[in-house]
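# Remarks on the overall topology
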Amino acid sequence: MKITVVGTGYVGLVVGACLAETGNDVICADVDQGKVDGLKKNVLPIYEPGLEEYVERNQAAGRLVFTTDVPSAIRDAEVIFIAVGTPPDEDGSADLKHVLAVADSIGKHAAREVVVVTKSTVPVGTAEKVAAAIRPHATVPFHMSSNPEFLKEGAALDDFMKPDRVVVGVETEFARERMAELYAPFVRTGKPIIFMDIPSAEMTKYAANAMLATRISFMNEIANLCEKVGANVDLVRKGIGSDSRIGPAFLFPGPGYGGSCFPKDVKALVRTSEERGAPMGVLKAVEDANEKQKHRLFQKITEVFGGQLKGRRIALWGLAFKANTDDMRESPALVLIEELLTAGATVVAHDPAAMHETRRRIGDAIGYAKTSYEAAQGADAMVVVTDWNEYRFPDFARLKSVLKQPVVVDGRNLYDPTKMESLGFTYRSIGRGRA
Ligand SMILES: NC(=O)C1=CN([C@@H]2O[C@H](COP(=O)(O)OP(=O)(O)OC[C@H]3O[C@@H](n4cnc5c(N)ncnc54)[C@H](O)[C@@H]3O)[C@@H](O)[C@H]2O)C=CC1
Ligand SMILES: O=C(O)[C@H]1O[C@H](OP(=O)(O)OP(=O)(O)OC[C@H]2O[C@@H](n3ccc(=O)[nH]c3=O)[C@H](O)[C@@H]2O)[C@H](O)[C@@H](O)[C@@H]1O
């Protein structure tokens, strides 16, 4: 099939590369000239494991083409995915200006019957707005579809190639058939393509992210309570996660959820619920709990040093909002860094992928180390912020020998409190009694 994906960010690039991988002819169009120039040379604007090989292979085979010429990319497409950004507006609602700009182009330039798919995360009613923007200019029939994306950064290829389910909103048989054909290679193991009406598909995306964010905030609050009552949240997590009605995923406490989606999508849903007169108090509480949680690591460091952080050197292991990505959007590390610097501490950080992006955002306000041990060298404390695998089994003797004081604050519960204490560390983590 001839596919055009407009927007080559995390989502558009993964969608384009994966659809090319299954034999489609894919054009990825983006207005960012630098991004497109890089992609033509197989230089990716993001860090996503495995994606570079997909891009290289399919580009070499001629099935994947990058361009800034959006009108000509649209002209001959059978299916167009809109995968541009939908950042939060000032009031928290999703800003649709990029989506509607693409819709306008589709109306003006589509030259054959086409399925127009909103892949970006958009509020209920957006497909209708997109159709309304296309209609006045359209010279060919077009069919709307909403196909929300559930991939996680860092595991994006696996999530797209082997989805738990594919959700597709349609209103015509033409769109249904095209979408079923396109997704058939990804659901061969029997996973469902769930067809539904378009508003339900749009709502499903927000409900999924809001539910996952709710689980995390809930567990972060349980963890904070565990500290007060002397319980261990890791055991509580296993205890509840083995109930098949609850399940084990997304119950890990930490420094608060970040990233480009949970914070923005929870905000947008809160906003929609208020606008429509059905306010979601649950989600407001989820947001509040997350804001508080972003300060937990700083509170723990402050406690260890009796409130005296001026002149202390603090090492951070991890900057990205989660492992396997260089994405710093809404990363809890940024909140911690600001608090530490304001308190007069100096910060030296290590991250396997996100140091470049952090420097782009905050420059040399902190130091950047080539290795995790170099970051810890001479530090008064080491703080685990991101759950990168390479931090899971450090050489503790080496870590202790390079630190000025053997203090570890573990924001991801990577280490065993008993072991850390027996090794002579002052150790704090999230929700495990006093440790
Ligand atoms: N990042 C993620 O893990 C996921 C994101 N989403 C949703 O997908 C959408 C896109 O997200 P990302 O890929 O992260 O965004 P991004 O910001 O990484 O990429 C968006 C791209 O769209 C391009 N663009 C903007 N206006 C354009 C226009 N008029 N024509 C052509 N290109 C244009 C930008 O230059 C940029 O390259 C958002 O709605 C997001 O909520 C959904 C699931 C997962
Ligand atoms: O809409 C989106 O963009 C995507 O948002 C999330 O994916 P992502 O933001 O890439 O990352 P997650 O793995 O969900 O992690 C989000 C945040 O929650 C935190 N988290 C996650 C899981 C957990 O148990 N505990 C926890 O604190 C992570 O550290 C991270 O800060 C969803 O998981 C995807 O399904 C969705 O497609």
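Residues numbered from 1 in each chain as written. Chains lettered and ligands numbered in written order. Predicted model: local features only at pLDDT ≥ 70, side-chain atom pairs only at ≥ 80, totals over all residues. Heavy atoms only, no water.

For the chain, the name recorded in an unreviewed UniProt entry is UDP-glucose 6-dehydrogenase, with Pseudogemmatithrix spongiicola as its organism. In UniProt, the chain has this text filed under Sequence similarities (unreviewed entry): "Belongs to the UDP-glucose/GDP-mannose dehydrogenase family." Annotation of the chain in UniProt includes, under Catalytic activity (unreviewed entry), the sentence "UDP-alpha-D-glucose + 2 NAD(+) + H2O = UDP-alpha-D-glucuronate + 2 NADH + 3 H(+)". (UniProt positions renumbered as here; feature names shortened; annotations may be inferred.)

### Re the overall build of the chain
For the chain, the count of helices and strands is 18 helices and 14 strands. Dimensions of the chain, computed from the C-alpha atoms along their principal axes, are close to 70 × 45 × 40 Å. Taking all 435 residues of the chain together, 53% fall into the buried category. For the chain, the proportion of contacts with a sequence separation of at least 24, taken over those separated by at least 6, is 73%. (Helix = DSSP H or I, 4+ residues; strand = E, 2+ residues; numbered from the N terminus. Buried < 20%, exposed > 50% of the residue type's maximum accessible area, 1.4 Å probe, protein only. Contact = heavy atoms within 4.5 Å.)

### Overview of the environment of Gly62
Topologically, Gly62 is positioned in the loop between helix H3 (51-60) and strand S3 (64-67). A relative accessible area of 45% places Gly62 in the partly exposed class. Separated by 36 residues in the primary sequence, Gly62 and Val26 have C-alpha atoms spaced 9.0 Å apart.

### Quick word on the site of ligand 2
Around ligand 2 sit 19 residues in total, of which Phe150, Leu151, Lys205, Phe252 and Cys261 are the nearest. One nitrogen or oxygen atom from the main chain of Phe150 is found 2.7 Å from an oxygen atom belonging to ligand 2. Between an oxygen atom of ligand 2 and a main-chain N or O atom of Gly258, the distance comes to 3.0 Å. Protein chains shield 91% of the accessible area of ligand 2, which is 700 Å² for the free molecule. Of all the secondary-structure elements, those providing two or more residues to the shell around ligand 2 are helix H9 (198-229) and helix H11 (262-275). With three residues, H9 is the largest single contributor of residues to the shell around ligand 2. Residues that form the shell around ligand 2 fall into these classes: ten nonpolar, two polar and seven charged. (Near = heavy atom within 4 Å. Polar contact = N/O pair within 3.5 Å; in protein donor to acceptor, adjacent residues only side chain to side chain. Areas by Shrake-Rupley, 256 points an atom, 1.4 Å probe, with all protein chains shown as cover. Nonpolar A, V, L, I, M, F, W, Y, C, P; charged D, E, K, R; others polar.)

### Some thoughts on the pairing of strand S13 (residues 407-410)
With burial as the criterion, each face of S13 is covered, one bearing Val407 and Val409 and the other bearing Val408 and Asp410. Of the strand pairs in this sheet, strand S12 (residues 381-384) and S13 are connected by three bridges, and their pairing is parallel. What sits directly across from Met382, in S13, is Val408. At this point the chain moves from S12, through helix H17 (residues 396-402), to the parallel S13, and the crossover so formed is right-handed. Across three bridges, S13 lies against strand S14 (residues 426-428) in parallel orientation. Across the sheet, the residue bridging to Val409 is Arg428, located in S14. (Pairing = 2+ DSSP bridges. Right-handed = clockwise from strand over helix to strand, strands pointing away.)

### Description of the site of ligand 1
Taken together, 25 residues lie near ligand 1, and Asp30, Lys35, Thr86, Thr121 and Lys264 sit nearest. At a separation of 2.9 Å, an oxygen atom of ligand 1 approaches a polar backbone atom of Val11. Taking Thr121, its main chain carries an N or O atom lying 2.9 Å from an oxygen atom of ligand 1. Across the complex, the protein chains shield 87% of the 840 Å² of accessible surface that ligand 1 would expose by itself. Looking at the shell around ligand 1, the elements with two or more residues in it are helix H1 (10-21) and helix H5 (97-109). Of the residues that constitute the shell around ligand 1, the class distribution is nine nonpolar, eight polar and eight charged. When residues of the shell around ligand 1 are assigned to domains, at least three map to each of domain 1 (2-196) and domain 2 (206-291). (Domains from an automatic or database assignment.)

### Concerning the pairing of strand S10 (residues 346-350)
With four of five residues buried, S10 lies mostly within the body of the structure. Where S10 meets strand S11 (residues 367-368), two bridges bridge the pair, whose relative direction is parallel. Residue Ala349 lies in a different strand from S11, and its bridge partner there is Tyr368. Read as a crossover between parallel neighbours, the route from S10 over helix H15 (residues 355-362) to S11 is right-handed.

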